[in-house]
Amino acid sequence: MIFGNSGEIGCRCNEALANEDPTPYSTLNGDNSMGNRIEIGNLRIDEGLYALVRDEIAPGTGVEPDTFWKAFGDIIAAFAPENRSLLEKRDVLQQQIDAWHLARKDEPLDSAAYSAFLTEIGYLLPEGRDFTVITEDVDLEISLISGPQLVVPTDNARYALNAANARWGSLYDALYGTDVIDESDGATRSATYNPIRGAKVIAYTEQFLDEMTGLETGSFSDITQFSLKAVHGEQQLRATLKGGSEVGLADPSKFVGFTQNNGELSALLLRNHGLHIEIRVDREHPVGKAHSAGVFDVILESAITTIQDCEDSVAAVDAADKVRVYSNWNGIMKGTLETTFEKSGEMLTRRLAPDKTFTAPDGSTLTLPGRSLLLIRNVGLHMYTDAVTTADGEEIPEGILDAMVTSFAAMHDLENNGLHTNSKTGSIYIVKPKFHGPEEVDMTIRLFEWIESALGLPTNTIKIGIMDEERRTTVNLKESIRIARERLVFINTGFLDRTGDEIHTSMEAGPMIPKMDIRNEPWMLAYEDWNVDVGIETGLLGTAQIGKGMWTKPDQMAEMVETKVNHPLAGATTAWVPSPTAATLHAMHYHRVDVGNWIKELSARQRASLTDLLTPPLLTERELQPDEIQRELDNNAQGILGYVVRWVDQGIGCSKIPDINNVGLMEDRATLRISSQHIANWLHHGIVTREQVTETFQRMAKIVDEQNAGDPNYRDMSPNYEQSIAFQAALDLVFKGCEVPNGYTEFVLHPRRREVKAGG
């Protein structure tokens, strides 16, 4: 491939979805009488969902559709009441915390008293004895290989496939198409190949190869010819340098494979820190012709794992939306999902990539996965759906439906029904978000046991990833892991949701500091370290991933390359990136940092401070100036509107949104949660007024309208603010921010999106 930025945004949905009406918990999705229903046992199932299970998912699994639904009815009867009870406990605990802060209004936070109070009400639990996770049958991509992780909306087939195929990425393309390579001295980015820029790309890549897989002497830039030399029955890589000397790799064991074309080397495979680098050679290629050794591309193993998402990056509000999500996941598990689209005037068809085959140095065949190992993120406990209801019309917990249907679809992978293999160890990987402590983890573990029994799967087939993004899970992380110790494959941190929860939990404690300042507060630093510390203590290294959050600026790749190395240095075996291109660039960090060895160094440090974790980021004595307040309000309001207008009007759950300075930022419901909760907090404590908020939103709506002027599907919010459903949704997020459970945004977004859908 001639250099060019081939990576698309990984976490973006551009297709309009479909919808209806919601509010807290059981009324989240509104009118559940719509559409035809199939009645089985105590369930009423949407006709489209029933047809998907009957015609697409069930065949080949050995489980009959009606058997599936009858078992699901038993699961709902067993777990729906407990799900409701756990949500009610969340509300009770929040009320107690609010009352505690109100009783001490205007007093400095007494950390010791606060911890004692949280322990007394059962929010903060005592830690038991040390233990080690014992999860078995974990794929190497999770247990041993450190590298980037993509998160992608499963409702968009094009991007879901793009992310799944991001296991391998061209470093040449990633450098050529981004700002990692500057445009000075004629090295401008262009649609056609610019050899000046290309020379910079090649020089950067060869320096990277020198550092990661260096030669005995000399540089990759000096190579004029690659060759193989048989030594004791195995091939060794040799390189002829410009002066005529022949050298090998400084560490010969890093050469692990090759391919040949008509007797000539066409690819060399190197391995460093468990990650592969493929050097492609073709002297007839337009780029290879100009290279002394005929190298025309360097491919990095990039997105080692990908989370296919049913949650924050999708806008799935009714049965039709859920069918699209489940259908795409099922197609990926069967290997049949494909989509055709137009790009740059050309019709393209995307499907899952095949595996890659090389010859190993000993002459054997080496086959490597052509795709990321896929996990599936279900929704949290607070979500309810009318895609399936009880016989009397009551909505069911959506997370239970997600777990049942996504596991059922994943059986095609376990039964080898598909064109490709996802898990080589026979596991299903479900990531669960927004847990509030060990009790909720416990219910989910028992739910997985029931699903395994219903589907005839061996115990512990379904593995769990715990997203540490709510404070009650953070402070009880060790006990949450203890409960999941036979199934755990993943923990991670997420600044955005975690901050949104912190603001809501501490709403009555006082006004918060400006949003961007929160990132450097002691509680946030403690949170990031605490997650790693507890992960190390419980033996995750070699078994499960320790993850870090998303890089939110997909166009600022130079900054990412400069700073995101801090994630592996912090002990993260994986971290989220917003696109396949970003995954390729972030992979360089895992070549530079041997995370496994580095974690052993970190294991000697003392665990982060619980006191810091429980200290909210309050203004206290800090005085904010009026212009500072308005800037913060402008920034938050513009970001909220930019995201909400696409979510509500077009059903786009995640996309690149220009901020107030026209810098593109990846936005999903996590970013929306923190921004809306921050304004709600300032409004609650009188930092801003309702009138000021309304005026700011109206002013920012005009800016957002201008930023979206080129989108033919966009509906202006101004000047008819009262008629804009999206604009009213944005105001609701702030004005109802103190009321909605835990500050979650779905309780506002879902009814508004369904309102738009109902109106055509």
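Residues numbered from 1 in each chain as written. Predicted model: local features only at pLDDT ≥ 70, side-chain atom pairs only at ≥ 80, totals over all residues. Heavy atoms only, no water.

**Focus: helix α8 (residues 319-334)**
Part 1 of the reasoning: In a regular helix each residue adds 1.5 Å, so 16 residues correspond to 22 Å; α8 covers 22 Å between its end C-alpha atoms and thus fits that length.
Part 2 of the reasoning: Immediately beyond the C-terminal end of α8, within one or two residues, lies G335, with a positive phi of roughly 80°. (Helix = DSSP H or I, 4+ residues; strand = E, 2+ residues; numbered from the N terminus. Expected span 1.5 Å × (residues − 1).)

**Remarks on helix α22 (residues 690-707)**
One turn of the α-helix equals 3.6 residues, which is why residues spaced by three or four share an orientation.
Part 1 of the reasoning: Compared with the 26 Å implied by 1.5 Å per residue over 18 residues, the 25 Å span of α22 between its first and last C-alpha is a close match.
Part 2 of the reasoning: Within the span of α22, buried status applies to V693, T696, F697, M700, A701, V704 and D705.
Part 3 of the reasoning: Each element contacted by the buried residues of α22 is listed here: α20 (626-650), α21 (669-684) and α23 (725-735). (Buried < 20%, exposed > 50% of the residue type's maximum accessible area, 1.4 Å probe, protein only. Contact = heavy atoms within 4.5 Å.)

**Overview of the packing of α20 against α21**
Part 1 of the reasoning: Axis separation between α20 and α21 bottoms out at 9 Å; the angle between their running directions is 140°. Relative to α21, the element α20 is oriented oblique. Classified by chirality, the crossing of α21 by α20 is left-handed. Contact residues: I629, E632, L633, N636, A637, I640, Y643, V644 and W647 in α20; R669, L672, S675, S676, H678, I679 and W682 in α21.
Part 2 of the reasoning: Its residues assigned to classes, the contact of α20 with α21 shows 10 nonpolar, four polar and two charged. (Axes fitted to C-alpha atoms, helices over the stretch in contact; angles between N-to-C directions. Parallel < 35°, antiparallel > 145°, perpendicular 65-115°, else oblique. Left-handed = near helix turned anticlockwise from the far one by under 90°. Nonpolar A, V, L, I, M, F, W, Y, C, P; charged D, E, K, R; others polar.)

**Brief notes about the sheet that holds strand β17 (residues 373-377)**
Part 1 of the reasoning: If you trace the eight strands once around the closed barrel, you get β3-β12-β17-β20-β21-β22-β23-β24, paired in parallel fashion. With direction set aside, neighbouring strand axes in the sheet form an average angle of 30°.
Part 2 of the reasoning: Across two bridges, strand β3 (residues 149-153) lies against strand β24 (residues 574-577) in parallel orientation. Note on β24: the bridge partner recorded for Q149 is W576.
Part 3 of the reasoning: Across the sheet, helix α10 (residues 438-455) lies against β20 (428-432) and β21 (462-468), angled at about 160° from β21, the strand it touches most. (Pairing = 2+ DSSP bridges.)

**Some remarks on the confidence of the model for the chain**
Part 1 of the reasoning: Across the chain, the average pLDDT comes to 94, with 95% of residues at 70 or higher.
Part 2 of the reasoning: In the model, residues 1-33 has pLDDT below 50 throughout and makes 170 contacts with residues more than four positions away in sequence or in other chains. (pLDDT = per-residue confidence, 0-100.)

**Structural notes on the pattern of salt bridges**
Part 1 of the reasoning: Applying the stated rule across the entire model yields 53 salt bridges.
Part 2 of the reasoning: Across the pair E183 and R189 runs a salt bridge, and its minimum N-O distance is 3.7 Å.
Part 3 of the reasoning: On the basis of relative accessibility, which here comes to 38%, the residue R189 falls in the partly exposed class.
Part 4 of the reasoning: Here E338 and R351 are joined by a salt bridge, their closest N and O atoms 3.3 Å apart. Here R351 lies in strand β14 (residues 346-351) and E338 lies in strand β13 (residues 338-343), a separation of 13 residues in the sequence.
Part 5 of the reasoning: Residue classification places E338 among the partly exposed positions, given a relative accessible area of 43%.
Part 6 of the reasoning: Overall, R351 belongs to the partly exposed group, its relative accessible area being 45%.
Part 7 of the reasoning: Each of D309, E311, D312, R377, K434, E469, E470, D497, D501, R669, R673 and E746 takes part in salt bridges that share partners, so that together they form one network. (Salt bridge = Lys/Arg side-chain N within 4 Å of Asp/Glu carboxyl O.)

**Some remarks on the pairing of β3**
Part 1 of the reasoning: The buried fraction of β3 is high, at five of five residues.
Part 2 of the reasoning: By the alternation rule, side chains of β3 split into Q149, V151 and P153 and L150 and V152, which are all buried.
Part 3 of the reasoning: Both β3 and strand β12 (residues 305-309) contribute to a ladder of five bridges, which runs parallel. Along β12, the bridge assignment pairs P153 with D309.

**Some points on the nonpolar core**
Part 1 of the reasoning: Counting 157 residues, the largest nonpolar core has L49, W69, F72, L401 and F697 as the members making the most contacts within it.
Part 2 of the reasoning: Here this core takes 13 residues from helix α2 (residues 65-103), the largest share from any one element.
Part 3 of the reasoning: Those residues in contact with L401 that sit more than four places away from it in its chain are L49, W69, F72, Y326, T385, A387, V388 and I396.
Part 4 of the reasoning: In terms of nonpolar packing, the next biggest core, distinct from the first, is built from 51 residues, A239, V247, L585 and M588 among them. (Core = buried A, V, L, I, M, F, W, Y, C linked by side-chain atoms within 4.5 Å.)

**Some words on the sheet that holds strand β6 (residues 234-241)**
Part 1 of the reasoning: Within the open sheet, the three strands sit side by side as β5-β6-β7. Their pairing is antiparallel. Both edges of this open sheet fall to β5 (223-231) and β7 (246-247), since each of them pairs with a single strand only.
Part 2 of the reasoning: Of the pairings in the sheet, the one linking β6 to β7 comprises two bridges and is antiparallel in character. Directly across from T240, in β7, lies its bridge partner E246.

**Some words on the pairing of strand β23 (residues 545-548)**
Part 1 of the reasoning: Across the two faces of β23 the burial is the same, with Q545 and G547 and I546 and K548 all buried.
Part 2 of the reasoning: As paired elements, strand β22 (residues 488-493) and β23 share three bridges and run parallel to each other. Of the residues in β23, the one forming a bridge with F490 is Q545.
Part 3 of the reasoning: In this sheet, β24 lies alongside β23 in parallel orientation, the contact comprising two bridges. Paired with K548 across the two strands is A575, which belongs to β24.

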